[in-house]
Amino acid sequence: MGKVTGFLEFKRDKQPYRPVEERVHDWKQVMLPWPADGLRKQGARCMDCGIPFCHQGCPLGNLIPDWNDLVYRDRWREAIDRLHATNNFPEFTGTLCPAPCEGSCVLGINDDPVTIKGIEISIIDRAFAEGWVGPEPPATRTGKTVAVVGSGPAGLAAAQQLGRAGHQVTVFERADRIGGLLRYGIPEFKMEKRVLDRRLAQMEAEGVRFVVNTHVGMDRPVEALRREFDALVLCGGACAPRDLPIPGRDLDGVHFAMDYLTQQNRRCEGDAVPDETFVTAQGKRVVIIGGGDTGADCLGTVHRQGALEVHQLEILPRPPDQRAEDNPWPQWPNIYRVSSAHAEGGERVYSVSTLRFVSDEHGRVKGLEIARVEPVREGGRLTFREVPDSASTLPCELVLLAMGFVGPERPGLLEQLGVALTERGNVKRDPNWMTSVPGVFTAGDMQRGQSLIVWAIAEGRSAARAVDRFLMGRSDLPRSGVRSWLTTGLFRKNQRTRSLYEKWAGPIASFSTSMSRIALPLMVRPGGSLRSQATSQTRLPSLERVARVVTAAPVRRRKTISYSTPASFRTSRGW
Ligand SMILES: Cc1cc2nc3c(=O)[nH]c(=O)nc-3n(C[C@H](O)[C@H](O)[C@H](O)COP(=O)(O)OP(=O)(O)OC[C@H]3O[C@@H](n4cnc5c(N)ncnc54)[C@H](O)[C@@H]3O)c2cc1C
Ligand code: SF4
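Residues numbered from 1 in each chain as written. Chains lettered and ligands numbered in written order. Predicted model: local features only at pLDDT ≥ 70, side-chain atom pairs only at ≥ 80, totals over all residues.

**Some words on the overall build of the protein chain**
Right, so step 1: Helix and strand counts for the protein chain stand at 24 helices and 18 strands.
Right, so step 2: For the protein chain, buried positions account for 46% of its 575 residues.
Right, so step 3: Considering only contacts in the protein chain between residues 6 or more positions apart, those separated by 24 or more positions represent 69%. (Helix = DSSP H or I, 4+ residues; strand = E, 2+ residues; numbered from the N terminus. Buried ≥ 20, exposed ≤ 12 C-beta atoms within 10 Å, placed from the backbone. Contact = placed C-beta atoms within 7 Å.)

**Some details on the site of ligand 2**
Right, so step 1: As a matter of local geometry, ligand 2 sits amid 14 residues, with C58, T93, C97, C101 and K117 nearest to it.
Right, so step 2: Secondary structure elements with two or more residues in the shell around ligand 2: α8 (100-103) and α9 (116-130).
Right, so step 3: If you tally residues by element for the shell around ligand 2, the top one is α9, at three residues.
Right, so step 4: Of the residues assigned to the shell around ligand 2, the class counts are nine nonpolar, three polar and two charged. (Near = placed C-beta within 6 Å. Nonpolar A, V, L, I, M, F, W, Y, C, P; charged D, E, K, R; others polar.)

**Details of the nonpolar core**
Right, so step 1: Counting residues in hydrophobic clusters, the biggest one holds 124 residues, and the most contacted among them are A158, V233, V399 and F441.
Right, so step 2: Ranked by residue count, the leading element in this core is helix α19 (residues 453-472), at eleven residues.
Right, so step 3: Two domains each donate at least three residues to this core, and these are domain 1 (145-240 + 407-481) and domain 2 (247-403).
Right, so step 4: Residues contacting V399, with those up to four places away along its chain left out, are G253, V254, V287, I289, F357, V365 and L368. (Core = buried A, V, L, I, M, F, W, Y, C linked by C-beta atoms within 7 Å. Domains from an automatic or database assignment.)

**Things to note about the sheet that holds strand β4 (residues 231-234)**
Right, so step 1: Pairing is parallel across the open sheet formed by five strands, whose spatial order is β3-β2-β1-β4-β16. Here the strands that pair on one side only, and so sit at the sheet edges, are β3 (209-211) and β16 (440-442). Each strand axis lies, on average, 20° off the axis of its neighbour in the sheet, ignoring direction.
Right, so step 2: In this structure, strand β2 (residues 168-172) lies alongside β3, joined through three bridges in parallel fashion. By the bridge assignment, T170 is partnered in β3 with R209.
Right, so step 3: Most of the contacts of helix α10 (residues 153-164) go to β2, to which it runs at about 165°, and overall it touches β1 (145-149), β2 and β4.
Right, so step 4: In this fold α19 packs onto β1, β4 and β16, with an angle of close to 165° to the strand it touches most, β4. (Pairing = 2+ DSSP bridges. Axes fitted to C-alpha atoms, helices over the stretch in contact; angles between N-to-C directions.)

**Examining α9**
Within an α-helix, residues lying three or four positions from one another point in the same direction, as the helix has 3.6 residues per turn.
Right, so step 1: Between its terminal C-alpha atoms α9 stretches 21 Å, which fits the 21 Å expected from 15 residues at 1.5 Å a residue.
Right, so step 2: On the buried face of α9, the contacting elements are α3 (36-44), α4 (54-57), α5 (64-72), α6 (76-84), α7 (90-96) and α8.
Right, so step 3: Positioned one or two residues after α9, G131 has a phi angle of 80°, which is positive. (Expected span 1.5 Å × (residues − 1).)

**Some words on the sheet that holds strand β6 (residues 254-256)**
Right, so step 1: Spatial strand order, β6-β14-β7-β8-β9: five strands in an open sheet with parallel pairing. Two strands in the sheet have a free side with no partner beyond their single neighbour: β6 and β9 (347-349). Geometrically, the sheet is characterised by an average inter-axis angle of 20° between neighbouring strands, direction not taken into account.
Right, so step 2: Lying on the sheet, helix α14 (residues 257-269) is in contact with β6 and β14 (398-401); it crosses β6 at an angle near 80°.

**Focus: the site of ligand 1**
Right, so step 1: Taken together, the neighbourhood of ligand 1 is formed by 39 residues, with G150, G152, G180, G237 and G444 sitting nearest.
Right, so step 2: Looking at the shell around ligand 1, the elements with two or more residues in it are α10, α15 (293-305), α18 (445-448) and α19.
Right, so step 3: Across the shell around ligand 1, the residue classes break down as 19 nonpolar, 15 polar and five charged.
Right, so step 4: Structurally, the shell around ligand 1 is a two-domain feature, drawing no fewer than three residues from each of domain 1 (145-240 + 407-481) and domain 2 (247-403).

**Examining the environment of Q331**
Right, so step 1: Secondary-structure assignment places Q331 in the loop between β8 (309-313) and α16 (340-343).
Right, so step 2: For the pair formed by Q331 and G103, sequence separation is 228 residues and the distance between their alpha carbons is 6.6 Å.

**Digging into α19**
Right, so step 1: End to end, α19 covers 28 Å across 20 residues, agreeing with the expected 28 Å (1.5 Å per residue, within 8%).
Right, so step 2: Most of α19 sits inside the fold, with 17 of its 20 residues counted as buried.
Right, so step 3: Looking one or two places after α19, you find G473, whose phi comes out positive at around 85°.

**Thoughts on the packing of α6 against α9**
Right, so step 1: Between α6 and α9, the shortest axis-to-axis distance is 9 Å and the interhelical angle comes to 110°. Overall, the two elements α6 and α9 adopt an arrangement that is roughly perpendicular. Considering the relative orientation of α6 and α9, their crossing is left-handed. Residue-level inspection shows W76, A79, I80 and L83 of α6 in contact with α9, the latter providing E120, I123, I124, R126 and A127.
Right, so step 2: Partitioning the contact of α6 with α9 into residue classes produces seven nonpolar, no polar and two charged. (Parallel < 35°, antiparallel > 145°, perpendicular 65-115°, else oblique. Left-handed = near helix turned anticlockwise from the far one by under 90°.)

**Comments concerning the environment of M446**
Right, so step 1: In this structure, M446 sits in helix α18.
Right, so step 2: Taking the C-alpha atoms as reference, M446 lies 8.7 Å from E409; in sequence the two are 37 residues apart.
Right, so step 3: Aside from chain neighbours lying at most four places away, what touches M446 is L234, C235, G236, G237, A238, P408, N426 and V427.

**Side note on the packing of α10 against α19**
Right, so step 1: At a minimum axis separation of 7 Å, α10 and α19 run at an interaxial angle of 35°. In this structure, α10 meets α19 at a crossing whose hand is right-handed. Contact residues: α10 offers P153, A154, G155, L156, A157, A158, Q161 and L162, while α19 offers I453, A456, I457, E459, G460, R461, A463, A464, V467 and D468.
Right, so step 2: Taken together, the residues of the contact of α10 with α19 break down into twelve nonpolar, three polar and three charged.

**Re the pairing of β8**
Right, so step 1: Buried residues dominate β8, accounting for four of its five residues.
Right, so step 2: Relative to β8, strand β7 (residues 285-289) runs parallel, the two being bridged by five bridges. Residue pairing for β8: V287 is matched across the bridge by H311.
Right, so step 3: Between the parallel pair β7 and β8, the chain is carried across by α15, and the sense of this crossover is right-handed. (Right-handed = clockwise from strand over helix to strand, strands pointing away.)

**Observations concerning the pairing of β2**
Right, so step 1: Two elements, β1 and β2, share five bridges in a ladder whose sense is parallel. The partner of V146 across the bridge, within β2, is V169.
Right, so step 2: Crossover β1 to β2 through α10 is right-handed.

**A word on unusual backbone geometry**
Right, so step 1: Backbone torsion omega between W329 and P330 reads 5°, so that peptide bond is classified as cis.
Right, so step 2: Counting through the fold element by element, P330 comes out in the loop between β8 and α16.
Right, so step 3: Phi at S351 takes a positive value of approximately 55°, unusual for a residue other than glycine.
Right, so step 4: With respect to the helices and strands, S351 occurs in the loop between β9 and β10 (352-359).
Right, so step 5: Note on S351: 18 C-beta atoms within 10 Å, which makes it partly exposed.
Right, so step 6: Phi at W433 takes a positive value of approximately 65°, unusual for a residue other than glycine.
Right, so step 7: By the secondary structure assignment, W433 is in the loop between α17 (413-417) and β16.
Right, so step 8: Note on W433: 23 C-beta atoms within 10 Å, which makes it buried.

In structure tokens, the structure reads:
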């Protein structure tokens, strides 16, 4: 919980960044490390709220108050153990996650939330610097083999978990390097690729095999993989881009965002992308269509390439500065945000639609005809109506289409396998993460649609557990996350938590607010699941030694359960 009065004494600090005038001239990461002392104060702001809604906000179910407290107490080694217990790659999320946890931080109801993401990245940075992160190969091998298709965060998380469970895992990637969107989508200035390479080295040392330049379903038949491996996990992402089929779409100078970002990322990797094929914004007026994160990544790239001017267009109205009434805490706040790329310049234009691309005499784009629009609800669906006489032309020489993605690519892998798809075109799965084809599992954007890294990691972990159970009949691997129904509505007060817990599991010997943090993840895992929670925490020191909370389970699942918290943790609270 940090310091009892910490949230009253200390204000939230801002994430440190390199100065704009310096960073736009290079590709190095813009985020700076936090000063250790300042960070301890930030950890001290975590206020022992009793029901930490941040657990529910984080798709991984990260044990946030625990590591906030440990950072405040300068116990970094334990903090990284606690962080790694739920997150394979905190360096990715600590750098790139939009931090939905902070949107549901209880302190955020009437103050600025705790800087959870800043604390997360500092813990893992410190752990790497101290040499605390090394390979963790399994003690024994099961003799089972698993193929993971796709090497984004979902595939990597699934592969690492399955490898640690003793299976021989091979990750197939169609690109020439491992990493998925972490490699060729997300720009170097947001996260330097050395961060990714460092983690891949750990995985290789643990025995995970990486096979690049292999497009499964194109240059390697899926059937061959099914014969060679005991299980398949599809983590191919959702990278089919949304197009804009309006007049002039085929003009020179109109490109999909991902094609553009990939080229620059390749150059940052040191690849020779010839000038004739390289799309650059240098000396050009640029329009980015799409106001989301991909658009913001294009914006930062355009600045660094030396664009003359940039407009970023968004069809939706400008979000409010504060939460709207229909967007209360602990929901993700849909508010106006200024990303690091936005802080570097460019103009954001809201409530506009694109009518056509305007051509010059050589078939190159020279402008964009746009019109103002206003949102209207038609039969419950949101559509946009053009404001009469509002059309105008925006001159430009480069247009980047960053309007999101329509789902996973179907030719090859998915068509050959014949997996069922959802109405939205994503891969359909059952509660055990299996697709309609037995022995073939899925995780990440491929089944969720384009989303976030934190979801990809969480789902990769959960799918790994399902695959492990499929192969071995049981699994000690943990699932991810805390089900939201536990923390929304049902568990408003500690006392209520206690009585609900007792209803579920019988009388409990002792109870404290910290206990409720532990109890929540326990409660979502009825039956044999307590074991899995303990497994997710096995790195905690002294797990077996301490405060036993012995309960008798209800008739439905009659058995005695016990759970221990680390001695050091207990002592720090005077239990
Ligand atoms: C430009 C951009 C910026 C983003 N920035 C952020 C951010 O800052 N923070 C955040 O949280 N999220 C961000 N996202 C979203 C995030 O990157 C994704 O949600 C996440 O990477 C999904 O992970 P994944 O493992 O499911 O898929 P991906 O990362 O998409 O990886 C899928 C991989 O599978 C490979 N593949 C596909 N089919 C095959 C096949 N048949 N054979 C072999 N390989 C195959 C692909 O080549 C790819 O490498 C961003 C997305 C984009 C496009
Ligand atoms: S992974 Fe994201 S949501 Fe989870 S604790 Fe870290 S910043 Fe918050």
